[in-house]
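A structural walkthrough
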Amino acid sequence: MVYTTSSLFLKSLSLAGITHAFVNWGSDHPAILEELQRQRSQAEHKGETSPRVITCPNEMVALSAAQGYAQVTGKPAAVIIHVDVGTQALAGAIHNVDRGRVPVLIYAGASPFTSRSEMKGGRNEWIMWLQDIPDQTAIVRQYMRYTAQINSGRNVVQIVKRALQIATSEPKGPVYLWARREVMEEELPVTLYDLLSMKPAITVAPAALSPVDARTISNALLTALHPLIITSHAGRNQDVVSSMVTLSTLLAIPIFCTCPSTVNVPFSHPYVLGITYLSPGPATDSFEEQLRAADTVLVLDSDIPWIPSKCAPKEDGSARIFIIDGGDPLKTNVAMGTWDAALHRGVELICRADAEVAVGQLIDIVKENLLGDPLKLETFTTEIKNRIEQRVQRNKHVHDKWVTRLNSAEHVPSVTADGSNINIITIPHIMRVLREVTAPIASTSLIVNEAISNYGIVWEHARPELPGSFLTSGGSSLGYALGACIGAILGDLATNTARGTMKNYNLVTAIVGDGTFMFGVPSSAFWIARRYNTPFLTIVLNNGGWRSPKLSMLAVHPQGYGSNALSAEQLSVGFSFDSNDEPSSARLDRISPNYSQIAVAATDGWAWGRRVSLSSKEVTMDDVFTHLNEAISEAVRVVIQENRCAVVDCVLQTL
């Protein structure tokens, strides 16, 4: 029996608890492929491999799948890619796992360093000269928590353990290991393999607020007239959600979620006043109103709590601001300019503390003050309780007003640029129907949102309740959702198989724009979905192109030349095949890619697809909901009952 560094590397991954490797093979992986086949042929693994190999024809999809896996399980997966070119092909997914603080172990081979048969695995193909670059790690180093070269199989277990220890400690994130081909071919003693063991890596324990800081923040919240909690990512630890609701309820503190990546607080909590990605609209208007009125602001695990040029707390310093972040409260990975929130005049404390621990500390102190000595209550809490009661009524009024606005948008026609009504499909219509169709399985559903310029609208109208039931990438690179759905399903199955329990998700839904659908490399993603039986629903919000660049242009040049463009195609952000330069109110007749059929073709007919496109001249609002209900109901049935992917391409008013 021959064991190599590759044998010990894979065993180290397994001993560390990594169950899945999303792979894209190349000329640097002969020893790994050989070891995997040895595993399949030996009784040790019963024809399987450890970790389980998930073949991915595209590297960005592979890393996006690993991200979805980690987001659902809380545990890292491995991604194995090919030298410098495979590292580059990870593309924007590298940005997403960094900004999203997602633990992933990435391994890349590298070109051999010998060329005259000096060692096994030396150069024997022409590409090996081209792929040998001066600093392969430099491609990704600034996004990694840790990078290391494997120089021998004799200490590979220590390298893997250290990498994972760093990846899973705050601030969590990706790590990158690499090795030359000769090193991975190094033959090692059988005893080294047989005796290989690993105690799970000990991650850095969650930090608490200092007693002084905890009391300072608690007293500020207790005595505030208009306190406000801003959060974006606290719900990545699902145990934080109930604690945040408790703190909010005790003091009737309103909560606003800015640029969220997960469910931080249930939609139905009466003190949740909105969700915003800080783009123009009623949600941001409401947030600005709350922020301007706030005299105490608690920023909890938020990368972008506000945009100074649009809205910020009072600039005179009268607003007391407290920032808590579990990993990087100063955002040291932002290179140019400043992280403006930390420099606001009102900032009193910036604390590196775990959200669950910190909120628990605040709750204890608040309860101590509200439920303590009766004499103290009489002198100290009467006014506080009056303030709390006033906030209860005010918060409920704002929350109910928000819900009323959403309900109205879900039942009324679309409005054209000239202000006239038009009976075509809108995102609120789609989300209302999706919510109604999936209501019986809402507690076992996951939505992966990559609607980009429509992020906030999808969030609001999805009305998510349960921790972990709604995800985004946490970054800004497009193409995440399709791969993430695959990883989420595999992670859910792996976790519950190990526990002997039922799967958490009966339905996983990706909601994407037509641009993000194509960024997601659908031919690769749906191929993987069929190969590994990970059926999910995709809803394409087809507005005919890239809306975000147009909005960015209009924000800087509202009356410029671009504002007078006759069509998205003329502006070069449209996806229609006909270069129609004539203005149109809806352009529902545009000729554009048939997105659902891309999935069908990639799976040789296994995936199901339908386009829903309605003409404003021929349909009523009842027709809109009938067509949507029929398409989405059938798509959900296909996913759940037939275990196949389904894609519903919803043609919206053109951007």
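The chain appears in an unreviewed UniProt entry as Thiamine pyrophosphate enzyme, N-terminal TPP binding domain-containing protein from Lentinula boryana. Of the chain, the UniProt comment under Sequence similarities (unreviewed entry) reads exactly: "Belongs to the TPP enzyme family."

Let's shift gears to the overall build of the chain. When helices and strands are tallied, the chain shows 23 helices and 22 strands. Whereas a compact globule of 655 residues would reach a radius of gyration of roughly 26 Å, the chain reaches 26 Å, a difference of no more than 12%. Over its C-alpha atoms, taken along the principal directions, the chain stretches across nearly 80 × 70 × 50 Å. Residues classed as buried in the chain amount to 56% of the 655 residues present. Within the chain, contacts between residues at least 6 apart in sequence are counted, and of these 77% link residues at least 24 apart. As displayed, the chain has an accessible area near 26900 Å², and 53% of this comes from carbon and sulfur atoms. In the chain, 54 side chains carry a positive charge and 62 a negative one; their mean positions are 4 Å apart.

The subject of this paragraph is the packing of aromatic side chains. Taken as a whole, this structure holds 12 aromatic pairs when the rule is applied. Seen in terms of ring centroids, Phe-9 and Tyr-107 are 4.9 Å apart; in terms of plane orientation they differ by 45 degrees. Their pairing is tilted. On the criterion of sequence distance, the pair formed by Phe-9 in helix α1 (residues 5-15) and Tyr-107 in strand β5 (residues 104-110) is long-range, its members being 98 residues apart. Across the pair, Tyr-107 and Phe-9 agree in class, each one buried. Residues Phe-22 and Tyr-69 carry aromatic rings whose centres are separated by 6.5 Å and whose planes lie at 70 degrees to one another, so their mutual orientation is edge-to-face. In this pair, Phe-22 is assigned in strand β2 (residues 20-23) and Tyr-69 in helix α3 (residues 59-73), connecting sequence segments 47 residues apart. Ring pairing ties together the aromatic residues Phe-517, Phe-526, Phe-536 and Tyr-595, which thus form one cluster. Above the plane of the ring of Trp-129 lies Arg-123, whose end atom (NZ or CZ) is 5.3 Å from the centre.

Here we have 6 strands laid out as an open sheet, ordered β18-β17-β19-β20-β22-β21, and parallel in their pairing. Two strands in the sheet have a free side with no partner beyond their single neighbour: β18 (470-471) and β21 (608-612). With 5 bridges connecting them, β21 and strand β22 (residues 646-651) associate as parallel partners. When the sheet's bridge partners are listed, Gly-609 is paired in β22 with Val-647.

Among the secondary structure elements, Thr-620 is positioned in the loop between β21 and α23 (621-642). Linking Thr-620 and Ile-424, residues 196 residues apart in sequence, is a C-alpha distance of 8.6 Å.

Our next topic: the sheet that holds strand β3 (residues 52-55). The 6 strands lie next to each other as β3-β2-β4-β5-β7-β6, forming an open sheet whose pairing is parallel. Strands at the two margins of the open sheet, each flanked by one partner only, are β3 and β6 (146-149). Recorded for the sheet is a direction-independent mean angle of 20 degrees between the axes of neighbouring strands. Pairing of β5 with strand β7 (residues 174-180) involves 7 bridges; the strand directions are parallel. The residue bridging Ile-106 from the neighbouring strand is Tyr-176, located in β7. Each of β2, β4 (78-81) and β5 is contacted by α3, which is oriented at about 160 degrees to β2, the strand it contacts most. Across the sheet, helix α7 (residues 156-167) lies against β5, β6 and β7, angled at about 170 degrees from β6, the strand it touches most.

Here we take up the side chain of Ser-7. Residue placement: Ser-7 occurs in helix α1. Its relative accessible area of 1% is what places Ser-7 among the buried residues. Beyond its immediate chain neighbours, meaning those up to four positions away, Ser-7 contacts Glu-35 and Tyr-193.

In a regular helix each residue adds 1.5 Å, so 12 residues correspond to 16 Å; α7 covers 16 Å between its end C-alpha atoms and thus fits that length. Among all positions of α7, only Val-156, Val-157, Ile-159, Val-160, Ala-163, Leu-164 and Ala-167 are buried. Down the axis of α7, the buried side of the element spans an arc of 165 degrees, and every buried residue falls inside it.

Conventions adopted
- Residues numbered from 1 in each chain as written.
- Predicted model: local features only at pLDDT ≥ 70, side-chain atom pairs only at ≥ 80, totals over all residues.
- Heavy atoms only, no water.
- UniProt positions renumbered as here; feature names shortened; annotations may be inferred.
- Helix = DSSP H or I, 4+ residues; strand = E, 2+ residues; numbered from the N terminus.
- Rg over C-alpha atoms; globule rule 2.2 N^0.38 Å.
- Buried < 20%, exposed > 50% of the residue type's maximum accessible area, 1.4 Å probe, protein only.
- Contact = heavy atoms within 4.5 Å.
- Areas by Shrake-Rupley, 256 points an atom, 1.4 Å probe, with all protein chains shown as cover.
- Lys, Arg positive; Asp, Glu negative; His and termini not counted.
- Charge placed at Lys NZ, Arg CZ, Asp CG, Glu CD.
- Phe/Tyr/Trp six-rings, centres within 6.5 Å; stacked < 30°, edge-to-face > 60°.
- Lys NZ or Arg CZ within 6 Å of the ring centre and 35° of its normal.
- Pairing = 2+ DSSP bridges.
- Axes fitted to C-alpha atoms, helices over the stretch in contact; angles between N-to-C directions.
- Expected span 1.5 Å × (residues − 1).
- Arc of directions from axis to C-beta.

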